[in-house]
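Examination of the molecular architecture
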Amino acid sequence: MIARVRFIWRDALALLYAIRDHRTPGRARGAAALALLYALSPVDLLPDVAPLLGWGDDVVIVPTVLALAARSLPAPVLADARARSARLGRRLPWLLPALGAVLVLGVAALIWGLVRLLGG
């Protein structure tokens, strides 16, 4: 299961890299635009107000559409894009914890500021 999710995310990221390549077909660009539109749209299969479930459809649908679109890329474009996504993937184990730490520190600073504002 985890390996399948990795392949979907790898292809989704590869498509995002390939979008700027002039060799990318319009169908793949259109699918990427639709996936982005769906991710940003307030209309979802599951409303975003439902905790975790609302984001679940975005986490499943968007990468799946991007991965399917990535499969329509010409082989050289896909190879170049996958190489770029692999380079990012090697940095991700360090990037995600760093982003998580920044998020935790930001929330802590926000709570601290609210406590100071309301308490004194």
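Each value, and the rule that gives it
Residues numbered from 1 in each chain as written. Predicted model: local features only at pLDDT ≥ 70, side-chain atom pairs only at ≥ 80, totals over all residues. Heavy atoms only, no water. Salt bridge = Lys/Arg side-chain N within 4 Å of Asp/Glu carboxyl O. Helix = DSSP H or I, 4+ residues; strand = E, 2+ residues; numbered from the N terminus. Buried < 20%, exposed > 50% of the residue type's maximum accessible area, 1.4 Å probe, protein only. pLDDT = per-residue confidence, 0-100.

1. Describing the pattern of salt bridges
This structure, assessed with the given rule, holds two salt bridges. The salt bridge partner of R23 is D80, with a shortest N-O separation of 3.0 Å. Highlighted residues: R23 in the loop between α1 (2-18) and α2 (26-40) and D80 in helix α4 (residues 75-119), separated in sequence by 57 residues. Residue classification places R23 among the partly exposed positions, given a relative accessible area of 36%. A residue is classified by how much of its surface remains accessible, and D80, at 42% relative accessible area, is partly exposed. Through salt bridges with shared partners, a single ionic network connects D21, R23 and D80.

2. Here we look at the confidence of the model for the protein
Low pLDDT marks stretches whose predicted atomic positions should not be read closely. Across the protein, the average pLDDT comes to 77, with 75% of residues at or above 70. Between the elements of the protein, mean pLDDT differs from a low of 70, seen in α1, to a high of 82, seen in α4.

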